[in-house]
Structures are given as structure tokens and as C-alpha cells.
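This is what each chain is made of:
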Amino acid sequence: MPTDGLLFQEKLTNNAAPTLCAIKIASLFSINKTEIQNYQACIKYFNQYLHNFRLHMMILKNTGDRLLIYVYRYDQLHELLQRNQVKDVLHSLGYPLETVPQTLGILKRKINSNQFPHEIGLFLGYPLDDVIHFMKREEAIYIGYWKVYGHLRNALKTFNKYDCAKTYLKYKLSQGCELADVLI
């Protein structure tokens, strides 16, 4: 493991636990490059490490002292992008939807053009209806891991699962378990 690898692992597990535990399609988090100075080695190491679990990591944005990192389950993302309603929304926003890498390339381009792609919730596995309401900038009924516009009970159950995943990973790692021992 590279220098700062444990710190990077802590950031990864704190921010992407639901994805690492196969509860969520993807997670997004940022790190401070001054805090993890050899971030490139850490990302390379953990990308190879996570690949065995069908997980991938990519930098969506690299600015000044911050990185925006996207961690995702390729197979689940591919399946999501094949759903007709999701395809229709993303196609209307200029996504080619031919391959996952091409689609993520468009997302990355939008993020780096300083346009906030309101559709990013789809790439994080948020409910389609909530993403559509968010894109319309409507008023949410609840704000948790995402802005909820309907089906609050389901959202709260999901938020609880996310919290449990984070607690589980934090506990297991504090007990000396290796990340590979707790990933699904």
C-alpha cells in the first residue's frame, strides 16, 4: 500500500461505503490533494485493488487542491444505463449511451466545463423521479443523501442502509480487517 494509503482508504470507506458494500451503484467524493500528496499512487493502487470486486474508480475533476472521485460498480451502472426511462433522459441531455466509458466521459466533460450536471443523481443510483424533480429545481420534501421528492419512506430506508454500511466498514476496519475481507 502506498504512503497515505490508509488515509485514502479511510476517505474511500467513509464516502463510498454503500457502493463498496454493493448497496449503491456509485459514490462520489472529494479529497484534498495537499492532505493526500501521493493521491495518484493511491488511486492507482485502490483501482487495481477494487477491480477484483468489479468496482472502478475515476477522477471526474482535478482542480487546484481538490479531486472529485467517482467510485462505481460497472455492471450495475451498465444495467442502469440500459433502462429505457434512464436512456431517454440521458439521451435528451446529450449522452451517447453506447458504452459506459463514453457516457462517463460526457459526464466528466460536463463537470469540467463548470456546468453542474443535475442528472448526476442517475449516475449515483438515485431514484429517477427524484432526479427529474431535482433537475426541474422543485422543492424537496426531505434532504438526506439526495433530495427526496416522493416515496419518503423508501428513501429513509435506503438512507439507513447507507448509514449501516458506513458503520459496518468503519467497525470492521477498526478491528484490523483488511478491506478485501469486507467487500462484496
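Residues numbered from 1 in each chain as written. Predicted model: local features only at pLDDT ≥ 70, side-chain atom pairs only at ≥ 80, totals over all residues. Heavy atoms only, no water.

J.: Can you help me understand the pairing of strand E1 (residues 26-32) in this one?
T.: Two faces make up the sheet, and in a regular strand the side chains alternate between them. Where burial is concerned, most of E1 is hidden: 5 out of the 7 residues are buried. Pairing of E1 with strand E3 (residues 66-73), which is carried by 7 bridges, proceeds in the antiparallel orientation. Each bridged residue has a counterpart across the sheet, and for Ser30 the counterpart in E3 is Leu68. (Buried < 20%, exposed > 50% of the residue type's maximum accessible area, 1.4 Å probe, protein only. Helix = DSSP H or I, 4+ residues; strand = E, 2+ residues; numbered from the N terminus. Pairing = 2+ DSSP bridges.)

J.: I'm lost on the packing of helix H4 (residues 84-92) against helix H7 (residues 128-135) in this one. Help?
T.: Two packed helices can be described by the angle between their axes and the distance between those axes. At a minimum axis separation of 11 Å, H4 and H7 run at an interaxial angle of 20°. As judged from the angle between their axes, H4 and H7 are roughly parallel. The element H4 and its partner H7 pack so that their crossing is left-handed. Where H4 abuts H7, its residues Gln85, Val86 and Val89 lie against Leu128, Ile132 and Met135. When grouped by side-chain class, the residues that make up the contact of H4 with H7 number 5 nonpolar, 1 polar and no charged. (Axes fitted to C-alpha atoms, helices over the stretch in contact; angles between N-to-C directions. Parallel < 35°, antiparallel > 145°, perpendicular 65-115°, else oblique. Left-handed = near helix turned anticlockwise from the far one by under 90°. Contact = heavy atoms within 4.5 Å. Nonpolar A, V, L, I, M, F, W, Y, C, P; charged D, E, K, R; others polar.)

J.: Teacher, can you tell me more about the sheet that holds E1 here?
T.: Strands pair in a sheet through their backbones, by hydrogen bonds, and they do so in one of two ways: parallel or antiparallel. The strand order across the open sheet built from 3 strands is E1-E3-E2, with neighbouring strands paired in antiparallel fashion. Looking at which strands have only one partner, the edges of the open sheet turn out to be E1 and strand E2 (55-63). Averaged over all pairs of adjacent strands, the angle between their axes in this sheet comes to 20°, without regard to strand direction. Contacts between helix H2 (residues 39-51) and the sheet are confined to E1, E2 and E3, with E2 contributing the most and set at about 155° to the helix. Along the sheet face, helix H5 (residues 100-112) touches E2 and E3 and points at about 25° away from the line of E2.

J.: For this particular structure, what's the right way to read the pattern of salt bridges?
T.: Any two side chains of opposite charge can pair if their charged atoms end up close together. If you walk through the whole model with that rule in mind, you get 4 salt bridges. Note that Glu35 is salt-bridged to Lys11, the shortest N-O span being 3.3 Å. One end of the pair, Glu35, is in the loop between E1 and H2; the other, Lys11, is in helix H1 (residues 5-20), with 24 residues separating them in the sequence. By relative accessible area, which is 37% here, Glu35 ends up partly exposed. Lys11 sits in the partly exposed class, given a relative accessible area of 22%. Across the pair Asp75 and Arg54 runs a salt bridge whose closest N-O atoms are separated by 2.6 Å. (Salt bridge = Lys/Arg side-chain N within 4 Å of Asp/Glu carboxyl O.)

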